[in-house]
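What follows is the residue order along each chain.
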Amino acid sequence: MGRRILQLPHDLKSRILILGSSHEARKIAGDLLYYQPLRYELKGFLDDLGHKPDESVMQPKILGDYNQLQEIVERENIDKVVVAMSDCRGKLPMETLLACKLRGVEVEEGATFYEQACSKIMLENLRPSWLIFSPGFSVPPHLGFLKRLADILLSVLGLLCAAPLMGVVALLIKMDSRGPVFYRQKRVGQHGQPFILSKFRSMRNDAEASTGPIFTDKGDPRITRVGRVLRTTRVDELPQLLNILKGEMSFVGPRPERPFFVEQFDKEIPYYNQRLSVKPGLTGWAQVSYAYGASAEDAVEKLRLDLFYIKNISLILDLSILMRTLKIMVLGKGAR
């Protein structure tokens, strides 16, 4: 491989070549073009199998096979090679990849690159060894102490400040529809421990009497007039400050789900129960990064975001999520 000539880039985009065209590779490409169109330029794929990438990927093309890696890296002036092969055993061009790296081309494993570029965790072909040996996925004792201290102080302050508003909301709920002011429901907490979550009731009292557990849909007729305003402004979540004060929840973490859905998704989605390793939250990375989800596909996308939060948990990330949550509350986005 010849020496790369240093040139001033015509723009700030990093030129990406993906090694492989598996489902994992296509997922990386699709999300890369969606989330980071100004930061990365996807040049294409290399694959010995000749599989055509998904048509949903913008400008999909296989540039060649693995034996052409050196030639294509030089021709396309590639900045980074992302390895996203479904099976690397005996197929990975190690010598060429090493030569690329020694000449200034970055070489990165697909799951690691996906996390950094999209702020999500790649679930396709995710190996337990990656979860075990990659940094993160643990909460140091001092961080746990500081989060709990912040939860206590902020929940007490929140309850004191919101008390007048909560009184008005309770009166409006009673005037608007029959039934209790609060809606209490069993949810799954940290390490699978059940707890009772409290919210202001925003639906009819018999909302699931004939259907059983179902997700809320857009324009759901079960939602009351007052309830629609409460959901849009997130005021219906205020009683959960009591759950936070009791230590059942935190201000930031994966949203707690009902046992019915946890059991269902645990069977359908790999690593779903890993989201139970931390306390559930009033808000979370998935809530500020993804629209309201009401399907198994949405649950997968939110799990990618929840695992990213668990892997990178910090007070700075918590503060960022809280600030974004306030912005969403003001704009009334994402609620149903």
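Treat the numbers as computed from the prediction; the structure is a model and nothing was measured.

Enquirer: I tried to follow empty space enclosed by the protein on my own but got confused; where do I start?
Expert: If a probe as big as a water molecule is rolled over the atoms, it shows which places are left empty. Counted under the stated rule, the structure contains two cavities of 30 Å³ or more. If you add up the space inside the largest cavity, you get close to 50 Å³. Among the residues forming the lining of the largest cavity, the class breakdown is six nonpolar, two polar and four charged. For the second largest cavity, the full set of lining residues is Glu24, Glu109, Ala111, Met122, Glu124, Asn125, Leu126, Arg127 and Trp130. Taken together, the residues that form the lining of the second largest cavity break down as four nonpolar, one polar and four charged.

Enquirer: In this structure, what is going on with the nonpolar core? I would like to understand it.
Expert: In a soluble, globular protein the nonpolar side chains are often hidden away together inside. By size, the foremost hydrophobic cluster in this structure holds 65 residues, and its most contacted members are Ile16, Ile18, Ile28, Phe113, Phe200, Trp285 and Tyr309. Beyond its immediate sequence surroundings of up to four residues, Tyr309 is in contact with Lys147, Val252, Gly253, Pro254, Trp285, Leu317, Asp318 and Ile321.

Enquirer: Please clarify how the pattern of salt bridges should be interpreted in this entry.
Expert: Two side chains carrying opposite charge are able to pair once their charged atoms lie near each other. Applying the stated criterion across every chain yields a total of 23 salt bridges. For Glu106, the salt bridge goes to Lys80, with nearest N and O atoms at 3.6 Å. Within this pair, whereas Glu106 is found in strand 5 (residues 106–109), its partner Lys80 is found in strand 4 (residues 80–83), the two being separated by 26 residues in sequence. Given a relative accessible area of 7%, Lys80 falls into the buried group.

Enquirer: Could you clarify how one ought to interpret the pairing of strand 6 (residues 182–188) in this entry?
Expert: Along a regular strand, successive side chains alternate from one face of the sheet to the other. Two elements, strand 6 and strand 7 (residues 194–200), share seven bridges in a ladder whose sense is antiparallel. By the bridge assignment for strand 7, Arg184 is matched with Ser198. Where strand 6 hands over to strand 7, the hairpin turn is made up of five residues, of which His191 adopts a positive phi near 60°.

Enquirer: Got a minute to help me understand the side chain of Ser14 in this structure?
Expert: If you trace the backbone, Ser14 turns up in strand 1 (residues 14–19). We classify Ser14 as buried; its relative accessible area is 18%.

Enquirer: Looking at this structure, how should I read the pairing of strand 1?
Expert: In terms of burial, strand 1 is a largely internal element, six of the six residues being buried. Side-chain alternation along strand 1 places Ser14, Ile16 and Ile18 on one buried face and Arg15, Leu17 and Leu19 on a second face that is also buried. Looking at chain direction, strand 1 and strand 2 (residues 40–46) are connected through six bridges and run parallel. Within the sheet, the bridge partner assigned to Leu17 lies in strand 2 and is Gly44. Regarding the hand of the β-α-β motif, the stretch spanning strand 1, helix 1 (residues 23–35) and strand 2 is right-handed. By the bridge criterion, four bridges tie strand 1 to strand 4 in an arrangement that is parallel. Looking across to strand 4, one finds that Leu17 is bridged to Val81.

Enquirer: Just checking my understanding: could you explain the packing of aromatic side chains for this structure?
Expert: Scanning the entire structure with this criterion turns up eight aromatic pairs. Members of the aromatic cluster, joined through ring pairs, are Phe260, Phe261, Phe265 and Tyr272.

Enquirer: In this structure, what is going on with the side chain of Arg275? I would like to understand it.
Expert: Locating Arg275 in the fold gives a position in the loop between helix 9 (259–268) and strand 9 (281–283). Here Arg255 takes part through its backbone oxygen, which lies 2.8 Å from a polar atom of the side chain of Arg275. Residues in contact with Arg275, not counting those within four places in the same chain, are Pro254, Arg255, Glu257, Leu303, Asp306, Leu307 and Ile310.

Enquirer: Can you help me understand the confidence of the model for the chain in this one?
Expert: Fine structural detail should not be taken from predicted coordinates in areas where pLDDT scores are low. Summing up the model confidence of the chain, the mean pLDDT is 87 and the portion of residues at 70 or higher is 87%. Per-residue pLDDT stays below 50 along residues 1–8; that stretch engages in 14 contacts with residues further than four places along the chain or on separate chains.

Enquirer: Help me out: how do you make sense of the layout of surface pockets in this one?
Expert: Computed from the structure, the second largest pocket encloses a volume of approximately 360 Å³. In terms of lining residues, the second largest pocket is bounded by 20 residues, among which Val139, Gln190, Ser277, Val278 and Lys279 are the most central. At the level of secondary structure, the elements contributing two or more residues to the lining of the second largest pocket comprise helix 6 (141–176), strand 8 (250–252) and helix 11 (296–311). In terms of residues, the lining of the second largest pocket owes the most to one element, helix 6, which gives four residues. Considered class by class, the residues forming the lining of the second largest pocket number ten nonpolar, six polar and four charged.

The rules we used
Residues numbered from 1 in each chain as written. Predicted model: local features only at pLDDT ≥ 70, side-chain atom pairs only at ≥ 80, totals over all residues. Heavy atoms only, no water. 1 Å grid on protein atoms, 1.4 Å probe; cavity = no way out; pocket = protein on both sides within 12 Å on 5 of 7 lines; lining within 4 Å. Points joined across faces, edges and corners; volume = space filled by probe spheres on them. Nonpolar A, V, L, I, M, F, W, Y, C, P; charged D, E, K, R; others polar. Core = buried A, V, L, I, M, F, W, Y, C linked by side-chain atoms within 4.5 Å. Buried < 20%, exposed > 50% of the residue type's maximum accessible area, 1.4 Å probe, protein only. Contact = heavy atoms within 4.5 Å. Salt bridge = Lys/Arg side-chain N within 4 Å of Asp/Glu carboxyl O. Helix = DSSP H or I, 4+ residues; strand = E, 2+ residues; numbered from the N terminus. Pairing = 2+ DSSP bridges. Right-handed = clockwise from strand over helix to strand, strands pointing away. Phe/Tyr/Trp six-rings, centres within 6.5 Å; stacked < 30°, edge-to-face > 60°. Polar contact = N/O pair within 3.5 Å; in protein donor to acceptor, adjacent residues only side chain to side chain. pLDDT = per-residue confidence, 0-100.

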